[in-house]
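Here is how the chains run, residue by residue.
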Amino acid sequence: MKTQPIGEFSTPAEAARLKGKYDHERMQSELRTATRESWSKQRSYNEHGVGAETEADWRCLALRSPGGDPSRTDPGGPGPELFSDTKWMSELPYLREVLNSIPAPMHAVRLMALGPGTVGMTHDDPKYSPKYGVLRLHIPVVTNPDARTILDGKPHHWEPGEFWFGDFSRLHHVENLGPEHRTHLVMDTLAVPGTASLFPEEWSEYFASGDVLFNRQPSPLREDEMRKFECDLKIPFGFTLWEEYWPLEGHADDEQASIRLDASGLALSPTDGQPIVLVHVGDGEFRFSGWSEERTIQLFPGGPNPTAVLRLRAGRDVIERVIPIRPTP
């Protein structure tokens, strides 16, 4: 069964206008270039991979996606491919300039267009929050007075060129009751210390409190160094279900898994799930590619009793479990 999130903490407000304002006319000019392409409906993503299309008139153009695939309208997440730019990034130079100016590692970046008369389903994205090291940022490109984002019951209308953070771990929906598409540039990023500089002064105590999960920079390894971490192990059921709140202890149904080096790097492969590329953050500790340090695995392959330390994080809270591993020859 699911458990409740570890710790209880929420952001100071459901949204914050961030520092910086962008040239919406230049953005709109590049949007006209992008709309020569037929956009596809937004898709979801989970531990099984890409999900179904939304039923709403909500279409996307991917600028950054898993594997750089321009057809990926989903937000992505832990999986077998690293995030990289799609072909559109080179064709939209001002948007690329905007993204390069933001001090946060980018995961999915999409232009997202909500059709006229469309009202989205109310839902939450529980772990898209600084508490779990993930931020979702918006820059409106085209909008109208009747296009709103309802966050935690509060309506927001954001103007073109403004820069916004929304706490989408709270209940929310989007609606466009106006006569034209509402298009936003939507960025999923990792929280790092520099990210705090984007927020208004009244958020400074929140970022200094330690209840934000700041991610470390990747620490690349050579191929021979990565091979030392290849192993077989049994992981708790649910450890790779990154959207869930499964505990690390109390499972009789641990699942067999392996860690092997492939073309993308080291990958954790459960027997019954898709591989997840691992990103080294230092001292043999790895986060899931496409995700934050909300969950990591630290490997100790040497000595008479090789082990791994599994960690779940939320703000300042950390839960650990030590498991044996079997290094491969």
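Please read these numbers as outputs of a predicted model, since none were measured by experiment.

Caption draft 1: Structural detail: the sheet that holds strand β10 (residues 147-151). As summarised here, the arrangement of the four strands in space is β8-β13-β10-β11, forming an open sheet in which the pairing is antiparallel. Only two strands of the sheet have a single neighbouring strand rather than two, namely β8 (118-119) and β11 (154-156). Examined bridge by bridge, β8 and strand β13 (residues 172-176) share two bridges and lie antiparallel to one another. By the bridge assignment for β13, T118 is matched with N176.

Caption draft 2: How the structure looks around the pairing of strand β12 (residues 162-166). Taking burial as the measure, the five residues of β12 include five buried ones, the bulk of the element. Looking at chain direction, strand β1 (residues 15-21) and β12 are connected through four bridges and run antiparallel. Counted as the bridge partner of R17 is W164 from β12. The sheet contact formed by strand β9 (residues 134-142) and β12 spans two bridges and is antiparallel. Across the sheet, L137 pairs through a bridge with F165, a residue of β12.

Caption draft 3: Structural detail: unusual backbone geometry. Positive phi is not limited to glycine here, since D152 has a value of about 55 degrees. Mapped onto the elements of the fold, D152 is located in the loop between β10 and β11. Residue class for D152 comes out partly exposed when judged on its relative accessible area of 41%. Despite not being glycine, D283 shows a phi value in the positive range, around 55 degrees. Inspection of the secondary structure assignment puts D283 in the loop between β18 (276-282) and β19 (285-288).

Caption draft 4: Highlighting the side chain of H138. Within the secondary structure, H138 sits in strand β9. Within the local environment of H138, its side chain forms a polar contact with the side chain of H184, the two groups lying 2.9 Å apart. Excluding its chain neighbours within four sequence positions, the residues that come into contact with H138 are W158, E162, F163, W164, F168, H184, L185, V186 and M187.

Caption draft 5: Spatial organisation of the sheet that holds strand β22 (residues 317-327). On the basis of which strands lie adjacent, the closed barrel formed by eight strands has the order β15-β16-β17-β18-β19-β20-β21-β22 and antiparallel pairing. In this sheet, neighbouring strand axes are inclined to one another by 35 degrees on average, regardless of whether the strands run parallel or antiparallel.

Caption draft 6: Quick look at the pairing of strand β16 (residues 255-262). As paired strands, strand β15 (residues 231-235) and β16 are joined by five bridges and run antiparallel to one another. Its bridge partner being in β16, I235 is matched across the sheet by E255. Sheet topology note: the β16/strand β17 (residues 265-270) ladder contains six bridges and is antiparallel. Counterpart to D262 in the pairing with β17 is G265. The loop that links β16 with its antiparallel partner β17 comprises two residues.

Caption draft 7: Representation of the nonpolar core in the model. With 38 residues, the main nonpolar core has L63, I102, L111, F163, L185 and M187 as its most contacted residues. Tallying contributions element by element places β9 first for this core, with five residues. With 28 residues, the next largest nonpolar core counts M226, A257, F286 and W291 among its residues.

Caption draft 8: How the structure looks around helix α1 (residues 24-34). Residues of α1 that are buried: M27, E30, L31 and A34. Looking straight down α1, one finds its buried side chains confined to an arc of 110 degrees; they lie on one side. Counted as exposed and oriented over 90 degrees from the buried face of α1: E25 and R32. Where α1 is buried, its residues touch β5 (58-66), α2 (87-91), α3 (93-100), β7 (106-114), β9 and β14 (182-190). Here α1 starts with a cap whose side-chain oxygen sits 3.1 Å from the backbone nitrogen of E25, and that cap is D23.

Caption draft 9: Broad picture of the side chain of R311. Secondary-structure assignment places R311 in strand β21 (residues 307-314). A polar atom in the side chain of R311 sits 2.7 Å from the side chain of E320. In this view, R311 contacts F239, E285, E294, R295, T296, Q298, V318, I319 and E320; residues no more than four positions away in its chain are not counted.

Each value, and the rule that gives it
- Residues numbered from 1 in each chain as written.
- Predicted model: local features only at pLDDT ≥ 70, side-chain atom pairs only at ≥ 80, totals over all residues.
- Heavy atoms only, no water.
- Pairing = 2+ DSSP bridges.
- Helix = DSSP H or I, 4+ residues; strand = E, 2+ residues; numbered from the N terminus.
- Buried < 20%, exposed > 50% of the residue type's maximum accessible area, 1.4 Å probe, protein only.
- Polar contact = N/O pair within 3.5 Å; in protein donor to acceptor, adjacent residues only side chain to side chain.
- Contact = heavy atoms within 4.5 Å.
- Axes fitted to C-alpha atoms, helices over the stretch in contact; angles between N-to-C directions.
- Core = buried A, V, L, I, M, F, W, Y, C linked by side-chain atoms within 4.5 Å.
- Arc of directions from axis to C-beta.

In short, shape yes, function no, at least from these values alone.
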